Amino acid sequence: MNFDNSDDFEIVNPDPGALIESLRAFGYSLEASIADIIDNSIVAGACNIHIQFSWQGEQSTIAILDDGCGMTEDKLNNAMRPGSRNPLEERDTADLGRFGLGLKTASFSQCRKLTVGSKTTGDDLKIRSWDLDYVNQCGEWRLRKLEPRECDSAFSALEKRKNGTLVLWEQIDRLVKGAEKDDLKREGLFYEHIDTVKSHLSMVFHRFLENQNSLKIFINNRQIPAWDPFLRKHPSTQLLPEEPLHHSGKKITIRPFVLPHRSKMNDGTYEIAGGPGGWNARQGFYIYRNNRLIVAGDWLGLGFRKEAHTKLARVLVDIPNSMDEDWKIDVKKSVARPPAHLRDDFKRIARLTIERATAVYRHRGKIVQRKTADNFVFPWNTNVKNGTYFYTVNRSHPLVAAVIDNSDGNRKKTEAMLRLIEETVPLPTIILNNSDNPDKLYRPFEKSPSNELLVVMKEIWLSMTRSGMSENEAGKRLAQMEPFCDYPEYLPAFFESVEENE
Ligand SMILES: Nc1ncnc2c1ncn2[C@@H]1O[C@H](COP(=O)(O)OP(=O)(O)OP(=O)(O)O)[C@@H](O)[C@H]1O
Ligand SMILES: [Mg+2]
C-alpha cells in the first residue's frame, strides 16, 4: 500500500500531556519501579548501586546512582524517549530490557519530574530531564537540558566520577503529596517504604547479590542482603530432579525444591525464609529471566491454590530473554505465563512438588505412618466417641507401664493422676493459642537442654530392658518412639553412654 499523496492521510500526533499521564498509569508499585531502574544499571555493568531516600516534605526525592558504563549524550537523549527501542528487536542474551519503556514508565509512575545524568569514561556529565508539568503546559515533548549547577548536589558528585548514571525522582506525588516537611508521621511513613523496597530487591536480584563481587545494592548507605527462596544452604531442603523442557528450540530449566519443615528451622530462619508476604504467598513457581526474578511464587493459573499445607513447594524456572513473547513478559517484568504446550509439563511438575511438600508439612508422612505401624510407640492415644475426639495416656508405653507396675501401694494414686491429666488436657486453650499460627507449635524438648532428653530416654530404655526386652530390640523401639524419632542425632551418643556404663 502506498500513501504518498498527502490527501490520503492525516498526521495525528499523540497529545503529549495526555499520553504522559497515561504512561503514569502502568500500575507499578514503588519497589517494582526501583527494580526496573536497577535492571538498567545491571545491564550497564554496574557493581555498586546506591539508592537514596531523602525526606523534604513535598520536595522529597529518591535517587538511584550506579557505577555502570554510563551513556553518551546521544544515547541519553534516546534513553529518555518513551519507546527508545523496538520490543521486536533481538537483544543481547544478558539484557534485562525489552520494551524501551522501563526508565520512563517506572519513573513517571512515581514522580512528575525525572532527571537523568550520565557520564561515560573521558566524557562530560550530561543531564536531561522530563518535567511533566512543563510538557503539559507547552504541549510538546521538550526534554530539558540541564547543567550540574542547576541540579541536586548528587549530580556534582557524579561529575567527579569516571562513569555512571544517576536517576533522580522529584515531585514524587504518589508518596508525599501535600506533606509538610516537619510532619513526623509522614516522614516515618516515607522511610518505612525502605523496608518494602529492601525485601523486594533482596528477592528479585538475589542471584546477582549472592556474588558480592558482581553486585552490591545500598539503600541510604546500608547494604541489602540476598534472599534465597530455596534455602539451598539448609541441610533439610530437598532438591528434586532438575528437568529441561524445550520450546521452539529454546531450553527452559525447572528445578523443584521442597523447603524444610518448620521444626527444622529456628524462629529467625523461618521468618526470613517465608519472604515478602510470608510462606503462603511465596509458594509456587519462581521464574527467572536472565537471572532476574520476574515471578516470585505463583501457580501460574494452572489450577493449584495457595494452601497452607502446600506452602513448602517452590519451583525454580529459568527462561532466556529470547522467549519473552512466548511467556508474555510485561513492561513491569512482573508477569510471565508458560506457553500453552508446556502447561501440562508444568502441571505435572507442580503436582509432584506439591505432593512431596505436603508430606513434609505433615511431618514427612509420619502421622500417616503412625496410624498403621504397630511398633510405633506413642505417649498419647487419640480416641473418638460420638464424633468427639479425646486423648488418653498410652498405658502400654514402656515408661508409663513401668511406673504403673512399680507403684506398689500407690497404684490407685498413679492411675488417678493419669485420669486427672487426661480429663484436664487444656484443649480449648491449645486450640485458641495455636490456631493463628499452627506452624509455631512447640516441639517436644525444644526448650530443654539435651541432657534432659537423655535422662528421659534412659528411663524408658531401662523400663524396656528390665521388662526383659533385649537391648537390641529396646534400641530399635527408642528410635521409633516419640519424641526421640525427632532427635535421631542423640541416639548414637545415648548408646555410647549405655555401653560405657556397662
Ligand atoms: N543506568 C543506565 N546506564 C546505562 N544505560 C542506561 C541506564 N538506564 C537506561 N539506559 C539506557 O536507556 C535505554 C532505555 O531504558 P528503558 O528502561 O527505558 O528501556 P529498556 O531497558 O531498553 O527496556 P524495558 O522497557 O524493557 O526496560 C536502555 O536500553 C539503556 O540503553
Ligand atoms: Mg529497562
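Keep in mind it's a predicted model, so treat the numbers as computed, not measured.

Participant: Which parts of the structure should I look at to understand the pairing of strand β2 (residues 61-66)?
Facilitator: In regular strands, side chains alternate between the two faces of the sheet. Most of β2 is tucked away: six of the six residues are buried. Of the strand pairs in this sheet, strand β1 (residues 48-54) and β2 are connected by six bridges, and their pairing is antiparallel. Of the residues in β2, the one forming a bridge with phenylalanine 53 is isoleucine 62. Between β1 and β2, which pair antiparallel one after the other, the connecting turn spans six residues, and glycine 57 there sits at a positive phi close to 60°. Bridge analysis of β2 against strand β6 (residues 164-170) gives five bridges, and the strand direction is antiparallel. Note on β6: the bridge partner recorded for alanine 63 is leucine 168.

Participant: Could you clarify how one ought to interpret a nonpolar patch on the surface in this entry?
Facilitator: Taken together, the side chains of Trp380, Met417 and Ile421 make up a nonpolar region of the molecular surface, amounting to roughly 280 Å² of accessible area. Note that isoleucine 421 resides in helix α14 (residues 411-423).

Participant: Whenever I open this one, the site of ligand 1 confuses me. Can you help?
Facilitator: Lining the immediate surroundings of ligand 1 are 20 residues, of which Arg98, Leu101, Gly102, Lys104 and Lys333 lie closest. In the environment of ligand 1, an oxygen atom lies 2.5 Å from a nitrogen or oxygen atom belonging to the backbone of arginine 98. Relative to its unbound accessible area of 600 Å², ligand 1 is 90% covered by the protein chains. Those elements giving two or more residues to the shell around ligand 1 turn out to be α2 (30-43), α3 (73-79) and α4 (102-108). For the shell around ligand 1, the residue count by class is six nonpolar, seven polar and seven charged.

Participant: Just checking my understanding: could you explain the sheet that holds strand β4 (residues 126-131) for this structure?
Facilitator: Strands in a sheet are paired, the pairing made by backbone hydrogen bonds, and the direction either parallel or antiparallel. Strands sit in the order β5-β4-β3-β6-β2-β1-β7-β8 across an open sheet of eight strands; the sheet is mixed. Edge positions in the sheet fall to β5 (144-146) and β8 (222-223), since each has one partner strand and no second. Here strand β7 (residues 216-219) runs beside β8; their pairing, made up of two bridges, is antiparallel. Paired with isoleucine 219 across the two strands is arginine 222, which belongs to β8. Contacting β1, β2 and β7, helix α8 (residues 184-204) crosses the sheet at an angle of about 155° to β1.

Participant: Is there a simple way to think about the nonpolar core in this case?
Facilitator: The biggest cluster of nonpolar side chains holds 51 residues, and the ones touching the most others in it are Ile34, Ile51, Trp169 and Leu201. Among the elements that make up this core, the one with the highest residue count is α2 (seven residues). Residues contacting isoleucine 51, with those up to four places away along its chain left out, are Ile34, Ile38, Ile62, Ala63, Ile64, Leu201, Ile217, Phe218, Ile219 and Asn220. Membership of the second largest hydrophobic core comes to 43 residues, among which are Leu245, Phe257, Leu293 and Leu302.

Participant: Hey, could you run me through the pairing of β1 in this one?
Facilitator: Along β1, the buried face is formed by Ile49, Ile51 and Phe53; none of Asn48, His50, Gln52 and Ser54, which line the opposite face, is buried. As paired strands, β1 and β7 are joined by four bridges and run parallel to one another. Within the sheet, the bridge partner assigned to asparagine 48 lies in β7 and is lysine 216.

Participant: So what exactly am I meant to see when it comes to helix α1 (residues 16-23) here?
Facilitator: Residues lying three or four places apart along an α-helix face the same way, a consequence of the helix completing one turn every 3.6 residues. Those residues of α1 not exposed but buried are Pro16, Gly17, Ile20 and Leu23. Each buried residue of α1 lies within a common arc of 125° when the element is viewed along its axis, so the set occupies one face.

Participant: Whenever I open this one, the side chain of aspartate 36 confuses me. Can you help?
Facilitator: Take aspartate 36: it is sitting in helix α2. Summary of buried charges: aspartate 36 has no salt-bridge partner, and the nearest side chain of opposite charge, lysine 333, is 4.2 Å away.

Participant: Hey, could you run me through the confidence of the model for the protein in this one?
Facilitator: The predicted structure's coordinates, where accompanied by low pLDDT, should not be read in detail. Counting all residues, the mean pLDDT for the protein is 88, and 92% of those residues have values of 70 or more. Below a pLDDT of 50 lies the segment residues 365-374, which in the model reaches eight contacts outside its immediate sequence neighbourhood of four places, other chains included.

Participant: What should I look at first to understand the packing of aromatic side chains in this one?
Facilitator: The description of an aromatic ring pair uses the distance of the two centres, along with the angle that the planes make with each other. Here the structure, examined in full by the defined rule, presents twelve aromatic pairs. Taking 5.7 Å as the distance between ring centres and 85° as the angle between the ring planes, the aromatic pair formed by phenylalanine 285 and tryptophan 299 counts as edge-to-face. With phenylalanine 285 in strand β12 (residues 284-289) and tryptophan 299 in the loop between β13 (292-298) and β14 (313-319), the pair connects residues that are 14 residues apart, well separated along the chain. Grouped by ring-pair contacts, the aromatic residues Phe285, Trp299, Phe304, Trp327 and Phe346 constitute a single cluster. Looking at arginine 144, its charged tip hangs above the ring of tyrosine 134, at a distance of 5.3 Å from the centre. When the ring centre of tyrosine 270 is taken as reference, the NZ or CZ atom of arginine 262 above it lies at 4.3 Å.

The rules behind the values
- Residues numbered from 1 in each chain as written.
- Chains lettered and ligands numbered in written order.
- Predicted model: local features only at pLDDT ≥ 70, side-chain atom pairs only at ≥ 80, totals over all residues.
- Heavy atoms only, no water.
- Buried < 20%, exposed > 50% of the residue type's maximum accessible area, 1.4 Å probe, protein only.
- Helix = DSSP H or I, 4+ residues; strand = E, 2+ residues; numbered from the N terminus.
- Pairing = 2+ DSSP bridges.
- Patch = residues over 30% accessible without salt bridge, like charges linked within 9 Å, V, L, I, M, F, W, Y side chains within 5 Å.
- Areas by Shrake-Rupley, 256 points an atom, 1.4 Å probe, with all protein chains shown as cover.
- Salt bridge = Lys/Arg side-chain N within 4 Å of Asp/Glu carboxyl O.
- Near = heavy atom within 4 Å.
- Polar contact = N/O pair within 3.5 Å; in protein donor to acceptor, adjacent residues only side chain to side chain.
- Nonpolar A, V, L, I, M, F, W, Y, C, P; charged D, E, K, R; others polar.
- Contact = heavy atoms within 4.5 Å.
- Axes fitted to C-alpha atoms, helices over the stretch in contact; angles between N-to-C directions.
- Core = buried A, V, L, I, M, F, W, Y, C linked by side-chain atoms within 4.5 Å.
- Arc of directions from axis to C-beta.
- Lys, Arg positive; Asp, Glu negative; His and termini not counted.
- pLDDT = per-residue confidence, 0-100.
- Phe/Tyr/Trp six-rings, centres within 6.5 Å; stacked < 30°, edge-to-face > 60°.
- Lys NZ or Arg CZ within 6 Å of the ring centre and 35° of its normal.

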